[in-house]
Amino acid sequence: MPEADGRYDHPLSGRYASAEMQRLFSPGRRFGTWRRLWLALAEAEAELGLPIPEAALAEMRGGLDDLDLERAGEYERRFRHDVMAHVHLFGDVAPAARGIIHLGATSAFVTDNADLILTRDALTLIRARVVRTLRALAGFARRHRNLATLGYTHFQPAQPTTVGKRAALWAQDLALDVEELDFRLGRLRFRGVRGTTGTQASFLELFGGDHAKVEELDRRVSARMGFSARYGAVGQTYPRKVDAGVGGVLAGVAASLSRFGHDLRLLAHLGEVEEPFEEEQIGSSAMPYKRNPMRAERICALARHVITLSLDPAITAATQWMERTLDDSANRRLSLPDAFLTLDGALVVAEDVASRLTVQRAAIGRNLARHLPFIATEAVLMHAVERGGDRQELHERIRRHALAASGRMRSGGTNDLVRRIAADEAFGINEEALGAFLEPSRFIGRAPEQVDAFLAEWVEPILERLGAEADELAGAPDVRV
């Protein structure tokens, strides 16, 4: 079989994840961050008195982004060590610094601290995409705040709600996710400059036993990389519970998106609310008439993967040995970036869908009208009791009429409950008068007002605080395939 390219193309790169998220986890970004960490360490060491020449620092600054990844691969094949490969590669472009790059540090100084930086930036991008999706849903909820629709419990017809109120349920989940993301970002700290087992012994040796300078070195490097706080006790690595917490919050966002996607798939089956469908889009290779909810299905599929990926960092945190074990390394290279990239892809689709939902008012009206007579029976019962009827007797009559009408509908007939009640002299009401009980707006309660209050109290403060940042970080959704 001919092969144009025999290499595996990861779907997250080729189909799903945005360019912004892919750049965050690109080799250039990761290894460029390593170099910035080495520079921050060398600068702080020089400031605190170690004999590091300015020429070395100048060459390091000039070579931060001079990355020859092919040459790095050659070094790694020789040394079987990725960090040492990049130490040598950085030394090639900053020869005056060759002897001081990585001075006193262990591999986790660059790998773990870089992971924390990338995690911070990726969480911020995820939050931006959640905010943009939340804004789209809020606009949809506002536009349809008072459009009555049949409510469902157990996916069985229930008391009416509004299309906007249902959208507010989706938006509420995302608003709660913003809270969780805020918390996780606010509690993210730096590993810092801690040495091979977290004791800082190598740095204490470098500074001649001066504990204050070692502590100041740790503080200065952390501040240079944008962190004001560090974890209080670490081994060789930062606490892997941090990754477990991050995986959990990503899974939480995924659960919200999955709920949204599943609801849309159900609504598409009912014909009430539909996702975007392009002019030349093909729903099925065999059935040309089909209009499958492929975007909602993709949201659910990607969200499921994020949820399952959250198990990896939890298990890693549960199986750390003493100061560290290396069996976390290969797993973290896969599970952490994949969780971010997958959720990013799901959010890109979710924003696109939320921004372009189509409401089929006729279908909503038909479905509601079909079941409204059953829903109106409580009001009819109370009206008849007020006119002197016996509640228990009338309740039994309505029960029998409702079962008969329901049976007729299951056999393919129309809902004739109104006719049956009007023909029952015990109720003393004709079909025209019964029509007043079938006005949908009388059954939606405070749904429109609840939408207004939710948007004002929950969504608008989030958009005021984070809306501009979200637009700066996350461009318009690009659903590529």
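Refer to the structure presented above.
No experiment lies behind these values; they were computed from the predicted model shown.

Caption draft 1: Just the overall build of the protein chain, in detail. When you go through the protein chain residue by residue, the secondary structure sums to 20 helices and four strands. Over its C-alpha trace the protein chain gives a radius of gyration of 31 Å, far above what one expects of a compact globule, namely 23 Å for 481 residues. Evaluated residue by residue, the protein chain yields a buried proportion of 48% over its 481 residues. Looking at the protein chain alone, contacts between residues at least 24 apart form 77% of all its contacts between residues at least 6 apart. A total accessible area of about 23,400 Å² is found for the protein chain, and carbon and sulfur atoms account for 51% of it. Here the protein chain holds 62 positive side-chain charges and 67 negative ones, and the gap between their average locations is 3 Å.

Caption draft 2: Main features of empty space enclosed by the protein. Following the criterion strictly, the structure yields three cavities of 30 Å³ or more and no others. When its volume is computed, the largest cavity comes out at roughly 60 Å³. Taken together, Pro373, Ala376, Val380, Leu417, Val418, Ile421, Leu434, Phe437 and Leu438 make up the full set of residues lining the largest cavity. Of the residues that constitute the lining of the largest cavity, the class distribution is nine nonpolar, no polar and no charged. Sorting the residues of the lining of the second largest cavity by element identifies α11 (241–270) and α14 (327–355) as the ones contributing at least two each. A per-element tally of the lining of the second largest cavity places α14 first, with four residues.

Caption draft 3: Fine view of the packing of aromatic side chains. Summed over all chains, the structure comprises nine aromatic pairs. Members of the aromatic cluster, connected to one another through ring pairs, are Phe31, Trp34, Trp38 and Phe90. When the ring centre of Tyr75 is taken as origin, the NZ or CZ atom of Arg71, which lies over that ring, is 4.3 Å away. Cation over ring: Arg442 sits above Phe443, and NZ or CZ is 5.9 Å from the ring centre.

Caption draft 4: Fine view of the nonpolar core. Met21, Ile126, Leu250, Leu257, Phe340 and Leu343 are the most contacted members of the largest nonpolar core, which has 67 residues in total. Tallying contributions element by element places helix α7 (residues 107–143) first for this core, with 14 residues. Not counting the four nearest positions on each side in its chain, Ile126 is found in contact with Met21, Leu181, Leu250, Phe340, Leu343, Asp344 and Leu347. Trp38, Leu116, Phe227 and Tyr238 belong to the second largest nonpolar core, which has 43 residues in total.

Caption draft 5: Focus on the packing of helix α3 (residues 27–47) against helix α4 (residues 54–62). Between α3 and α4, whose axes approach to 10 Å, the crossing angle comes to 160 degrees. The angle between the axes of α3 and α4 places the two elements in the roughly antiparallel class. The two elements α3 and α4 cross, and the hand of that crossing is left-handed. Residue-level contacts link Trp38, Leu39, Ala42, Glu43 and Ala46 of α3 to Leu57, Met60 and Arg61 of α4. Classifying every residue of the contact of α3 with α4 by side-chain character gives six nonpolar, no polar and two charged.

Caption draft 6: Expanded view of the layout of surface pockets. In this structure, the largest pocket spans a volume of roughly 1,000 Å³. Arg30, Asp82, Ser329, Arg332 and Arg333 are, among the 35 residues lining the largest pocket, the residues nearest its centre. Contributions of two or more residues to the lining of the largest pocket are made by α1 (11–16), α3, α6 (82–93), α7 and α14. Ranked by residue count, the leading element in the lining of the largest pocket is α14, at ten residues. Taken together, the residues of the lining of the largest pocket break down into 14 nonpolar, ten polar and eleven charged.

Caption draft 7: Main features of the side chain of Thr106. In this fold, Thr106 is placed in the loop between α6 and α7. Its relative accessible area of 10% is what places Thr106 among the buried residues. Beyond its immediate chain neighbours, meaning those up to four positions away, Thr106 contacts Arg191, Gly195, Thr196 and Gln236.

Caption draft 8: Examining the environment of Ala138 more closely. Within the secondary structure layout, Ala138 lies in helix α7. The exposure class of Ala138 is buried, given its relative accessible area of 3%. The spatial distance from the C-alpha of Ala138 to the C-alpha of Val451 is 9.0 Å, given a sequence separation of 313 residues. Beyond its immediate sequence surroundings of up to four residues, Ala138 is in contact with Leu455 and Val459.

Caption draft 9: A look at the side chain of Thr161. Among the secondary structure elements, Thr161 is positioned in strand β2 (residues 156–162). With a relative accessible area of 17%, Thr161 lands in the buried category. Setting aside residues no more than four positions away along its own chain, Thr161 makes contact with Leu147, Ala148, Thr149, Gly151, Arg166, Ile444 and Ala447.

Caption draft 10: Geometry of the packing of α3 against α6. Taken N-terminus to C-terminus, the directions of α3 and α6 make an angle of 70 degrees; their axes are 11 Å apart at the nearest point. When the axes of α3 and α6 are compared, the pair comes out roughly perpendicular. Every residue of α6 that contacts α3 at Phe31, Trp34, Arg35 and Trp38 is listed here: Asp82, Val83, His86, Val87, Leu89, Phe90 and Val93.

Caption draft 11: The pairing of β2, seen in detail. Alignment of strand β1 (residues 148–153) against β2, held across five bridges, turns out to be antiparallel. Residue pairing across strands places Thr149 opposite Thr161, the latter belonging to β2. Connecting the antiparallel pair β1 and β2 is a turn made up of two residues, with His154 showing a positive phi of about 60 degrees.

Cut-offs and rules
- Residues numbered from 1 in each chain as written.
- Predicted model: local features only at pLDDT ≥ 70, side-chain atom pairs only at ≥ 80, totals over all residues.
- Heavy atoms only, no water.
- Helix = DSSP H or I, 4+ residues; strand = E, 2+ residues; numbered from the N terminus.
- Rg over C-alpha atoms; globule rule 2.2 N^0.38 Å.
- Buried < 20%, exposed > 50% of the residue type's maximum accessible area, 1.4 Å probe, protein only.
- Contact = heavy atoms within 4.5 Å.
- Areas by Shrake-Rupley, 256 points an atom, 1.4 Å probe, with all protein chains shown as cover.
- Lys, Arg positive; Asp, Glu negative; His and termini not counted.
- Charge placed at Lys NZ, Arg CZ, Asp CG, Glu CD.
- 1 Å grid on protein atoms, 1.4 Å probe; cavity = no way out; pocket = protein on both sides within 12 Å on 5 of 7 lines; lining within 4 Å.
- Points joined across faces, edges and corners; volume = space filled by probe spheres on them.
- Nonpolar A, V, L, I, M, F, W, Y, C, P; charged D, E, K, R; others polar.
- Phe/Tyr/Trp six-rings, centres within 6.5 Å; stacked < 30°, edge-to-face > 60°.
- Lys NZ or Arg CZ within 6 Å of the ring centre and 35° of its normal.
- Core = buried A, V, L, I, M, F, W, Y, C linked by side-chain atoms within 4.5 Å.
- Axes fitted to C-alpha atoms, helices over the stretch in contact; angles between N-to-C directions.
- Parallel < 35°, antiparallel > 145°, perpendicular 65-115°, else oblique.
- Left-handed = near helix turned anticlockwise from the far one by under 90°.
- Pairing = 2+ DSSP bridges.

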